[in-house]
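# Structure assessment
Take a look at the letters that make up each chain.
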Amino acid sequence: MHIVVCLKQVPRDNSVKIRPDLTIDAEGIEKIINLFDEYALEEGIRWNEQHGGKVTALSIGTSEWVEQLRRALAMGATDALLLSDPDFAQLDTIAAARVAAAAIRKLGDVDVVITGRNSTDDESGAFAPALARLLGWPQLTYVGKVLELQPGGSIKVERHLENVIETVSCRLPAVMSVIKDINEPRYPSLLKIKRVAKIEPPVWTASDLGLNAADLAPAAQLAERVPPPPRPKGEMIDGPDAAAKVRKLVDKLLEYQVI
Amino acid sequence: MSNVLVILEAVGDDLAAISRELLGKGRQLADALGGSLAALAIGPTTAVAARAGQFGADQVYTVNAPALAQYTTDGYVAAAMAAVQACNPALILAGTSFQMRDFGAALATDLNAGLVVDATDLQVEDGAIRATRPSHGGNVINTYRFAAGKPVVALVRKQSFPEATAQPDRRAPVTELAVANLNPRTEVHAVAPKAGAVNLTDAAIIVTGGRGLGNKDNYYRLIPPLAEALGGAYGASRAIVDDGWVPYEHQVGQTGKTVSPKLYIAAGVSGAIQHLAGMRTSRTIVAINKDPDAPIFRIATLGVVGDVNEILPLLTEEIKARLNR
């Protein structure tokens, strides 16, 4: 069984700045594997341990991304693949899915693609559905539990939505996105981190993937990018003791008509 | 290509609030584009399809089939494609839920359309659609301009637009569309309510606890009772979810839920940037923390410096007394 896990590198937190050219400045913020993708990776590694085959960690990005792919290898991915090209710099989500779909087609023998429910920076959750449609495979999004997995056959999962849990199945190959509840990702051992430190994953470019400018063009132009409007200055509630503060707080809440 | 198509959702016997929002905004945008406003009801939602006319739709389409009794990506995308063929929309509007994200991204991909998820504003400028959406936990507000000539699928964040008001005498024709060979590749075996589901996203009042409470017992002794006294829901910071005090369902923040209630009370929550990402757009934010330098105070509307274990029981009692609960 060949599992591909799509990983995105993201800043650990979102305290990013906006450059004058409207690109995002995440300088000085540690880069990590998108949290939800780490759950996807753990899921792929576990299936691989159970069913055998291989798990390929796949990422689209600059050579800086190799760090995250090495971490994936240290966790237990058997292969890593970086899709990198200067023309990939401004991909929107659907174009990124187009790049990943081309690579997955080129790999050829993939049974399932797993990724996180969304990235913590872009937060759209559109990647997995877009990838599934481009590959022509069924999609299972927001998976919180895998109930049955028959390699070469079908998969049955629980989709954890806002208020309900759906039990859904489909034939493989399929694309799946996972939520945080699905497992507990492992920490790679220092020994394993050392062992993969020098690995240079293969890099495929746009031309390797047969992609042209039209495939990569974003659907929209960024017209404006600003920080959020500042919140009105707050008020500190003072008082001689806790009871007095609480009374004053409740007065305010009634005045604001929020209770 | 100047029409707007709204994908309707139902709650019980009525249109969902988000659908009334979308019909209101859709009406404006259709007028600005010089087109008409269509609405699509899929599967069980067809029962409330006729209501869309009262809220501003010029034309209502329905697609119904046994295979559409439950949501599937294939079924809903096929139904939407039938409506797209019927009205050739420039803009397709739906709400932003997990299900609609699954649907909207698939539809946009099939249509080779533009896509915006979590839109908080939509405008027409020189015949082109402009869409605003937050990213990076609300720290970045992006406005995109989509070139005319290609449709745009916009998933709108709840409570971004006022709900349209009903015009009881207004009617729109309802046309049933047929979809051939509806054969979803995913099979839905069961749809069960989530045990102990917390609808944090829809709650008007949320009380959230953090590590400042000291331990799990204090959390359950203090946070749910206050939430209950206020008729609200209770949330948790990532730190205490990771520590196993409270299930993930309750987590507010970058890797949990994004909420925007009218009142958000953060008790013993320091206000890590990951937490602020999930609640910074709340209307009134109350912070209670013993550390006067806690970052949560920077975005609080009302701040109380003090020990949550002392303040919360008093607050719950005071609220019960003042609200006669």
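Residues numbered from 1 in each chain as written. Chains lettered and ligands numbered in written order. Predicted model: local features only at pLDDT ≥ 70, side-chain atom pairs only at ≥ 80, totals over all residues.

## A few points about the overall build of chain A
For the record, the criterion: Helix numbers and strand numbers start at the N terminus; a helix is a DSSP run of H or I with at least 4 residues, a strand a run of E with at least 2. Field definition: a residue is buried when 20 or more other C-beta atoms are found within 10 Å of its C-beta, exposed when 12 or fewer are, and partly exposed for counts in between, with C-beta atoms placed from the backbone. C-beta atoms are first placed from the backbone for all residues, and any pair lying within 7 Å is then listed as a contact.
A count of helices and strands for chain A gives seven helices and 15 strands. Considering only C-alpha atoms, chain A reaches an extent of 70 × 45 × 40 Å along its principal axes. In chain A, which comprises 259 residues, the proportion classed as buried is 49%. Excluding contacts between residues fewer than 6 apart, the proportion of contacts in chain A whose partners are at least 24 apart in sequence is 67%.

## Some details on the overall build of chain B
The condition is simple: Taken over C-alpha atoms, the radius of gyration is set against a globule rule of 2.2 Å times the number of residues to the power 0.38.
Assigned secondary structure in chain B consists of nine helices and 18 strands. Its C-alpha atoms give chain B a radius of gyration of 22 Å, within 12% of the compact-globule value 20 Å for 325 residues. Along the longest, intermediate and shortest principal axes, the C-alpha atoms of chain B span 60 × 45 × 40 Å. Here chain B holds 325 residues, and the buried ones make up 59% of them. Long-range contacts, defined here as pairs at least 24 residues apart, represent 64% of the contacts in chain B between residues at least 6 apart.

## Some remarks on the domain arrangement of chain B
The condition is simple: All the domain ranges listed were derived from an automatic or database domain assignment.
Along its sequence, chain B is carved into domain 1 (3-176) and domain 2 (200-322). With centres defined by C-alpha atoms, the gap from domain 1 of chain B to domain 2 of chain B works out at 34 Å.

## Here's the deal with the nonpolar core
To keep things clear, this is the line we draw: Residues of type Ala, Val, Leu, Ile, Met, Phe, Trp, Tyr and Cys that are buried and joined through C-beta atoms within 7 Å form what is called a nonpolar core.
Ranked by internal contacts, the top residues of the largest apolar core, which has 138 residues, are V5(A), V99(A), A100(A), L131(A), L40(B) and A154(B). Broken down by element, the residue count for this core peaks at 10 residues, all from helix α3 (residues 93-107) of chain A. L131(A) has contacts with A97(A), A100(A), A101(A), V113(A) and V175(A), leaving out every residue within four places of it along the chain.

## Focus on the sheet that holds strand β9 (residues 128-135) of chain B
Using the following cut-off: When DSSP locates at least two bridges between a pair of strands, those strands are taken to pair. Fitting a line to C-alpha atoms yields each axis, with helices limited to the stretch in contact; the angle taken between N-to-C directions then spans 0 to 180 degrees.
A sheet is described by the order of its strands in space; here four strands give the open sequence β14(A)-β10(B)-β9(B)-β8(B), paired in antiparallel fashion. With one partner strand each, in any of the chains shown, β14 (220-226) of chain A together with β8 (121-125) of chain B form the two edges of the open sheet. Taking the axes of each pair of neighbouring strands and ignoring which way they run, one obtains an average angle of 25° across the sheet. Here β8(B) pairs with β9(B) via five bridges, running antiparallel. Within the sheet, the bridge partner assigned to E125(B) lies in β9(B) and is A128(B).

## Remarks on unusual backbone geometry
The omega torsion across L172(A) and P173(A) is 0°, close enough to zero to call that bond cis. Mapping P173(A) onto the fold places it in the loop between β11 (164-171) and β12 (174-178). Positive phi is not limited to glycine here, since N112(B) has a value of about 50°. According to the C-beta neighbour criterion, N112(B) is exposed, with 10 such atoms within 10 Å. Located in the positive-phi region is D118(B), a residue other than glycine, with phi close to 75°. Structurally, D118(B) can be placed in strand β7 (residues 114-119).

## Thoughts on the interface of chain B and chain A
Quick note on the threshold: Under the convention adopted here, Pro, Cys and the residues Ala, Val, Leu, Ile, Met, Phe, Trp and Tyr are nonpolar, Asp, Glu, Lys and Arg are charged, and Gly plus all remaining residues are polar.
Contacts between the two partners involve 71 residues from chain B and, on the opposite side, 65 residues from chain A. Counting residues per element, the side of chain B that touches chain A draws most heavily on helix α4 (residues 98-111) of chain B, at nine residues. Residue classes in the side of chain B that touches chain A are distributed as 33 nonpolar, 23 polar and 15 charged.

## Things to note about the sheet that holds strand β16 (residues 263-267) of chain B
The sheet built from six strands is open, its strands ordered β15(A)-β18(B)-β17(B)-β16(B)-β14(B)-β15(B) with parallel pairing. Of all strands in the sheet, those with a lone pairing partner are β15 (235-236) of chain A together with β15 (233-236) of chain B, marking the two edges. Here β16(B) runs beside strand β17 (residues 284-289) of chain B; their pairing, made up of five bridges, is parallel. Looking at the pairing, A266(B) lines up with A287(B) of β17(B).

## As for the environment of I114(A)
Residues and elements named next belong to chain A. Structurally, the position occupied by I114 is in strand β8 (residues 112-116). The exposure class assigned to I114 is buried, which follows from the 27 C-beta atoms found within 10 Å. Note: C-alpha distance between I114 and A40 (74 residues apart in sequence) is 5.6 Å. Apart from residues lying up to four places away in sequence, I114 is in contact with I3, V5, A40, E43, G44, M176 and V178.

## Topic: the packing of helix α5 (residues 216-229) of chain B against helix α9 (residues 308-322) of chain B
Residues and elements named next belong to chain B. Keep this limit in mind: What sets the label is the angle itself: under 35 degrees gives roughly parallel, over 145 gives roughly antiparallel, 65 to 115 gives roughly perpendicular, and the rest give oblique. Two helices that cross are described as forming a left-handed crossing if the nearer one is turned anticlockwise from the farther one by less than a right angle, and a right-handed crossing if clockwise.
It is at 9 Å that the axes of α5 and α9 come closest, and there the two elements cross at 25°. As judged from the angle between their axes, α5 and α9 are roughly parallel. Pair α5 / α9 crosses with left-handed handedness. Listed contacts from α9 to N218, L222, P225, L226 and A229 of α5 are V308, N309, L312, P313, L315, T316, I319 and K320.

## Section: helix α4 (residues 127-135) of chain A
All names here are of chain A. In terms of burial, α4 is largely enclosed, as nine of its nine residues are buried. Listed as buried for α4 are F127, A128, P129, A130, L131, A132, R133, L134 and L135. One or two positions beyond α4, positive phi appears at G136, with a value near 75°.

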